[in-house]
Amino acid sequence: PEIRRDGPGLCPKCYMELIPVQASSAGPTGPLGNANVTSVTFAIGRADWDGGAHYGAGLVLNAYEIPDSVVGDVDLRGVFDAGGLVIAYASPDWPDFNEWKQLPYLYQRDVGDPPTRIGVAIEYLPVRESIAIAKTTNGFDRLQIATDELPENLNVKLVVVPAP
């Protein structure tokens, strides 16, 4: 708070009633400098995706279930369920693409010869501990993406922040 007083009263700037600052419990102290935040980076190869799973209502996603060994045995679902954060970023290794984008990420890509433009959606599914990829025609639908339309490698970075 910008205005601090020893007792009750009114703010000298806006004349609102001042309220006492509430003490809060602090989370556990992490190793110096990182506040218990961890980050892992890994690549999903074209052959690592499953063959397409139906998620209901016409949704067909190719998914990659993130193995515990990739994330240092961190229980991603447990972190999420306990109120922590799992933030996912991806960077397909396509020519002229060298950016990290936070998931979900939708973009267009030319595939085939002659080139055909398709929409691609990449998302992180926290309850399934998976990265999913699909073709999209309008940004909302999710259609199965053909193997040759998948990136050869999808680089993924997960930032994990456990709840205090």
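So, how was this worked out
- Per chain, the residues get numbers from 1 upward, laid out in the order the sequence is written.
- Local features in this predicted model are restricted to residues of pLDDT 70 or higher, and side-chain atom pairs are both shown and tallied only at a pLDDT of 80 or more, whereas totals for entire chains, interfaces and linings draw on every residue.
- Derived side-chain values reflect all non-hydrogen atoms in the structure, with water molecules and hydrogen atoms excluded from consideration.
- Under the DSSP-based scheme used, a helix requires at least four consecutive residues in state H or I and a strand at least two consecutive residues in state E, with every element numbered from the N terminus.
- Partly exposed residues are those whose accessible area sits between 20% and 50% of the maximum for their type, while under 20% is buried and over 50% is exposed, using a 1.4 Å probe and protein chains only.
- The contact criterion used throughout is that any non-hydrogen atoms of two residues lie within 4.5 Å.
- Here the Shrake-Rupley method, with its probe set to 1.4 Å, supplies the accessible areas, and only the displayed protein chains count as covering residues.
- As used here, the term nonpolar core means buried Ala, Val, Leu, Ile, Met, Phe, Trp, Tyr and Cys residues forming a set that is joined through side-chain atoms within 4.5 Å.
- What qualifies as a polar contact is a pair of N or O atoms within 3.5 Å, subject to a donor-acceptor requirement within protein and to the restriction that residues adjacent in sequence count only when both atoms come from side chains.
- If DSSP finds at least two bridges between two strands, the strands pair.

Caption draft 1: Fine view of the overall build of the protein chain. Helices and strands together make up the secondary structure of the protein chain, namely 1 helix and 9 strands. Of the regular secondary structure in the protein chain, the N- to C-terminal order runs β-β-β-α-β-β-β-β-β-β. Put simply, the protein chain has 164 residues, and 34% of those count as buried. Of the contacts made within the protein chain by residues no fewer than 6 positions apart, 55% connect residues no fewer than 24 positions apart. Element-wise, carbon and sulfur atoms account for 53% of the exposed surface of the protein chain, whose accessible area totals about 10,400 Å².

Caption draft 2: Summary view of the nonpolar core. The biggest cluster of nonpolar side chains holds 29 residues, and the ones touching the most others in it are I66, I122, I131 and L158. When contributions to this core are tallied by element, the ones reaching two or more residues are β1 (38–45), α1 (76–81), β4 (85–92), β6 (105–111), β7 (116–125), β8 (130–136) and β9 (153–161). Among all residues touching I66, those that are not within four sequence positions of it are F42, V71, L76, Y124, E129, S130, I131 and L158.

Caption draft 3: How the structure looks around the side chain of T136. Tracing the chain through its elements places T136 in strand β8. Accessibility expressed as a relative area gives 8% for T136, which makes it buried. A distance of 2.7 Å separates the side chain of T136 from the side chain of D141, its partner in a polar contact. Setting aside residues no more than four positions away along its own chain, T136 makes contact with L106, G119, V120, A121, D141 and R142.

Caption draft 4: How the structure looks around the pairing of β6. Every second residue of β6 is oriented toward a common face, the buried set being Y105, Y107, R109 and V111 and the non-buried set L106, Q108 and D110. For β6 and β7, the ladder comprises 7 bridges, and the chain directions are antiparallel. Bridged to Y105 within β7 is I122. From the end of β6 to the start of β7, which pair antiparallel, there are 4 residues, and G112 there has a positive phi angle of about 80°.

Caption draft 5: Examining unusual backbone geometry more closely. With an omega dihedral of 5°, the bond running from L103 to P104 counts as a cis peptide bond. With respect to the helices and strands, P104 occurs in the loop between β5 (101–102) and β6. A positive phi angle, near 60°, is found at D73, a position not held by glycine. For D73, the position within the fold is in the loop between β3 (60–65) and α1. Overall, D73 belongs to the exposed group, its relative accessible area being 62%.

Caption draft 6: Inspection of the sheet that holds β8 at higher detail. Sheet architecture is open: 5 strands sit in the order β2-β3-β8-β7-β6, paired in antiparallel fashion. Where the open sheet ends on each side, the last strands, each with one partner, are β2 (53–54) and β6. As paired strands, β2 and β3 are joined by 2 bridges and run antiparallel to one another. Looking at the pairing, A53 lines up with L61 of β3.

Caption draft 7: Structural detail: the side chain of S91. As for its position among the elements, S91 is in strand β4. Its relative accessible area of 7% is what places S91 among the buried residues. A distance of 2.9 Å separates a polar side-chain atom of S91 from the backbone oxygen of E99. Residues contacting S91, with those up to four places away along its chain left out, are F97, N98, E99, W100, N153, L154 and N155.

Purely geometric numbers; function is a separate question.
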